[in-house]
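Reading the structure
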Amino acid sequence: MPRWRLDDVMVSFATDQGGVGPHLDQYDVFLIQGDGKRRWRVGHKDQTVTKHRPHPDISQITAFTADMDIEVETGDLLYIPPNTPHWGESIGDSICYSVGFRAPNLDAIAQQLLEESDQQLDQLWQDESILSEQNRLGEISSEINDWTAKEVQKLTQSNKLKVAIGKEVTELKYPELLEQLTNCEAKELSEVAFFRDFQLNSISRLAYFKNNQQLMVFANGEYSSTHLENLELLEAINQYQTIRANDFSDITSKNSVRELLTWLFKVSAIELVE
């Protein structure tokens, strides 16, 4: 699984018959049973259910038709697809590890694309020389439909769509957990990184698109670009390896590495190893 698909890992403790109640998740969930046992009732994907909120911060569903009713023990793993009703109840005291994998949401990508394309979206429809008597009666010219489709297609075929996708899939759930660095601090750390070990920040998301001889790099919802020769370094970072920049001596331009590291430190994607 690509690292950017990992959403979070939650650990829940429950006493006998405890749980969060029947609910849905909008991502892939792997439930790993720790100590104790739990009973899980699972419906089928996209089942029609009724939602309700017993508390403003809790979203649940009413009782649903369960296709599976099982007890899990320590070490068992249960996979729940997105939008699948499920309900876990503890049998005695128990601990469950929930690993969630999110997928890009089309609406969120579209919103990112609109933000990236705000200047292009300021264009106005020009109807000079194409108006007819019929338009006076309220008919919308078919040309405006063709013009809109053409302009939207331009957006989706440009790099702006890749930027929107990259920002969305790497956006952090809790960005406030990362320290914000100044440009000066990031530059200093990038110099130190040639002689000190560094690695990916444990809560960071890092991804890239290949674009000819360039890499479109995304980290924690931010975007930059670098030369393709830095691909091996990016891959090593994303594998959570401990790295020293001098280990990549075959890279011809240390300035390119330095610029990349400065940006990665600036967005708190990497950190020095103590």
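See the structure shown above.
A brief structural summary. These numbers were taken from a predicted model, which means no experiment stands behind them.

**Comments concerning the sheet that holds strand S12 (residues 214-219)**
The strand order S11-S12-S13 describes an open sheet built from three strands, whose pairing is antiparallel. Each having just a single partner strand, strand S11 (206-211) and strand S13 (222-227) make up the two edges of the open sheet. Averaged over all adjacent pairs, the angle separating strand axes in this sheet is 25°, with direction ignored. In this sheet, S12 lies alongside S11 in antiparallel orientation, the contact comprising six bridges. Note on S12: the bridge partner recorded for Lys 210 is Leu 215. Strand contacts of helix H4 (residues 159-170): S11, S12 and S13, with the helix running at about 35° to S12, the strand carrying the most contacts. Here helix H7 (residues 254-266) sits on the sheet in contact with S11, S12 and S13, set at roughly 170° to S13.

**A few points about the packing of aromatic side chains**
Per the stated rule, a full pass over the model turns up six aromatic pairs. A centroid spacing of 5.7 Å and a plane angle of 85° characterise the contact between Phe 30 and Phe 101, whose relative ring orientation is edge-to-face. Of the two residues, Phe 30 sits in strand S2 (residues 28-33) while Phe 101 sits in strand S9 (residues 94-101), which places them 71 residues apart along the sequence. Looking at Phe 101, the relative accessible area reads 14%, which means it is buried. Taking 5.6 Å as the distance between ring centres and 55° as the angle between the ring planes, the aromatic pair formed by Trp 125 and Trp 147 counts as tilted.

**Notes on helix H6 (residues 231-238)**
Along an α-helix, a turn takes 3.6 residues, which lines up residues three or four apart on a common side. Burial runs high along H6: six of the eight residues are buried. When H6 is considered as a whole, its buried residues turn out to be Leu 231, Leu 233, Leu 234, Ala 236, Ile 237 and Asn 238. Those residues of H6 hidden inside the fold are in contact with strand S10 (198-200), S11, S12, S13, H7 and strand S14 (270-272). Backbone geometry just downstream of H6 places Tyr 240 in the positive-phi region, at approximately 60°.

**Focus on the pattern of salt bridges**
For the structure shown, the criterion picks out eleven salt bridges. Close ionic contact of Arg 205 with Asp 7 constitutes a salt bridge, the shortest N to O distance being 3.8 Å. With Arg 205 in the loop between S10 and S11 and Asp 7 in strand S1 (residues 6-14), the pair connects residues that are 198 residues apart, well separated along the chain. For Asp 7, a relative accessible area of 14% puts it in the buried group. Arg 244 serves as the salt-bridge partner of Asp 197, at 3.6 Å between the closest nitrogen and oxygen.

About the cut-offs
- Residues numbered from 1 in each chain as written.
- Predicted model: local features only at pLDDT ≥ 70, side-chain atom pairs only at ≥ 80, totals over all residues.
- Heavy atoms only, no water.
- Pairing = 2+ DSSP bridges.
- Helix = DSSP H or I, 4+ residues; strand = E, 2+ residues; numbered from the N terminus.
- Axes fitted to C-alpha atoms, helices over the stretch in contact; angles between N-to-C directions.
- Contact = heavy atoms within 4.5 Å.
- Phe/Tyr/Trp six-rings, centres within 6.5 Å; stacked < 30°, edge-to-face > 60°.
- Buried < 20%, exposed > 50% of the residue type's maximum accessible area, 1.4 Å probe, protein only.
- Salt bridge = Lys/Arg side-chain N within 4 Å of Asp/Glu carboxyl O.

So, to be careful, I would describe these as geometric facts and stop short of saying anything about function.
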